[in-house]
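Summary of the model geometry
Chain by chain, the residues run as shown.
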Amino acid sequence: MASHHQQPHSPRYRGRFAPSPTGPLHFGSLVTAVGSLLEARRHQGSWTLRIDDIDPPREAPGATDAILRTLERFGFQWDGPVVYQSRRLDLYSEALDRLRRSAYAYGCACTRREIANVAVNGPNGLIYPGTCRQGLPPGRRTRAWRVRCDNTSIRFHDRFQGPMDTLLAETIGDFVVRRADGHFAYHLAAAVDDGSDGITHLVRGCDLLWCTPPQRYLQQLLGLPVPECGHLPIVVNRAGQKLSKQNHAPPLDIKQPEVQVWDALAALRQQPPAALRRGSLDMLWAWAMEHWQPDAVYGLASTATP
Ligand code: GLU
């Protein structure tokens, strides 16, 4: 196998890739996975695979297996066992209990429509107006659990997007940690997992850039380590839309992994040699491990499909 699989791991860098099994991986997921793995290996770091399966209503049957098979076929090798969020509900539940005990989490009775009637939009969607912050209105019951944000400012330097500094209350608002349907929210699960797994570097798509402030905030509240982060450009189609299942991004074609890994490297501005586009996958990975230049995507928020 390719030489990149034999590098020693330093505990100083622990990276991860965390797809949701809502459908097959597409080219946008591949770009994120490639960038995240290369950045981890450049630091002789470890790279784990986590399946974010805590949202059953959005999951597609068989998607987890398809994701694992596709990643293997594309030559990805992750360290240690695959982590499944669905097996960690105790951890999330315990985190929510702690937030409740410290009075950071509060019950919220509002329906989506009630919020939409009065709230303004922020980068992560509607900014909760704080209706239930001081307690539930009479006769109402808790539907979801939210975390209060106060005037906390969250500041970090993103490896690819540069400096970020935001006032949580203004841009995000009190956000949901347990949803009205009883499922734990992505922010809570991701913050708890990244923190308790000792992930030191988050590398993911730029569409999640605004998820970082609330997740860092949760890690601070829970006393968990807060990883460095880097948000890679998202892949957009010819109409400028992010590739996603909603706009019918085609699944990765497992018959031509080398072509698509090559295209992913090109989308990440790596200039792989033309001859490797239809060569051996191992050689392409070896080239990528040796030549990965993270600075090539600095400041880039999106990149086009080939
Ligand atoms: N599982 C989520 C996704 O695929 C987020 C993963 C992350 O935090 O990197 O969009």
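Each remark here, short or long, concerns the structure printed above.
This write-up is about the structure you can find in this document. (Residues numbered from 1 in each chain as written. Predicted model: local features only at pLDDT ≥ 70, side-chain atom pairs only at ≥ 80, totals over all residues. Heavy atoms only, no water.)

With respect to topology, 3 strands assemble into an open sheet ordered S1-S2-S3, the strand pairing being parallel. The strands lining the two open edges of the sheet, one partner per strand, are strand S1 (14-17) and strand S3 (83-84). Sheet contacts for helix H1 (residues 27-42): S1 and strand S2 (46-51); angle to S2, the most-contacted strand, approximately 150°. (Pairing = 2+ DSSP bridges. Helix = DSSP H or I, 4+ residues; strand = E, 2+ residues; numbered from the N terminus. Contact = heavy atoms within 4.5 Å. Axes fitted to C-alpha atoms, helices over the stretch in contact; angles between N-to-C directions.)

The geometry of an aromatic ring pair is captured by two quantities: the separation of the ring centres and the angle between the planes. Evaluation of the coordinates by the stated rule reveals 5 aromatic pairs. Taking the centre distance of 6.1 Å and the plane angle of 10° together, the rings of Phe17 and Trp47 count as stacked. Linking Phe17 in strand S1 with Trp47 in strand S2, this pair joins segments that are 30 residues apart in sequence. Take Phe17 and Trp47: they sit in the same class, and that class is buried. Both rings, one in Trp47 and one in Phe76, keep their centres 5.7 Å apart while their planes meet at 25°; by these two values the pair is stacked. With a gap of 29 residues between them, Trp47 in strand S2 and Phe76 in the loop between helix H2 (63-73) and S3 connect regions that are remote in the sequence. Phe76 matches Trp47 in its accessibility class, with the two residues each being buried. By way of ring pairs, the aromatic residues Phe17, Trp47, Phe76 and Trp285 are connected into one cluster. Directly above the ring of Tyr128 sits Arg146, whose terminal nitrogen or CZ lies 3.8 Å from the centroid. The ring of Phe184 carries Arg178 above its face, with NZ or CZ at 4.3 Å from the centroid. (Phe/Tyr/Trp six-rings, centres within 6.5 Å; stacked < 30°, edge-to-face > 60°. Buried < 20%, exposed > 50% of the residue type's maximum accessible area, 1.4 Å probe, protein only. Lys NZ or Arg CZ within 6 Å of the ring centre and 35° of its normal.)

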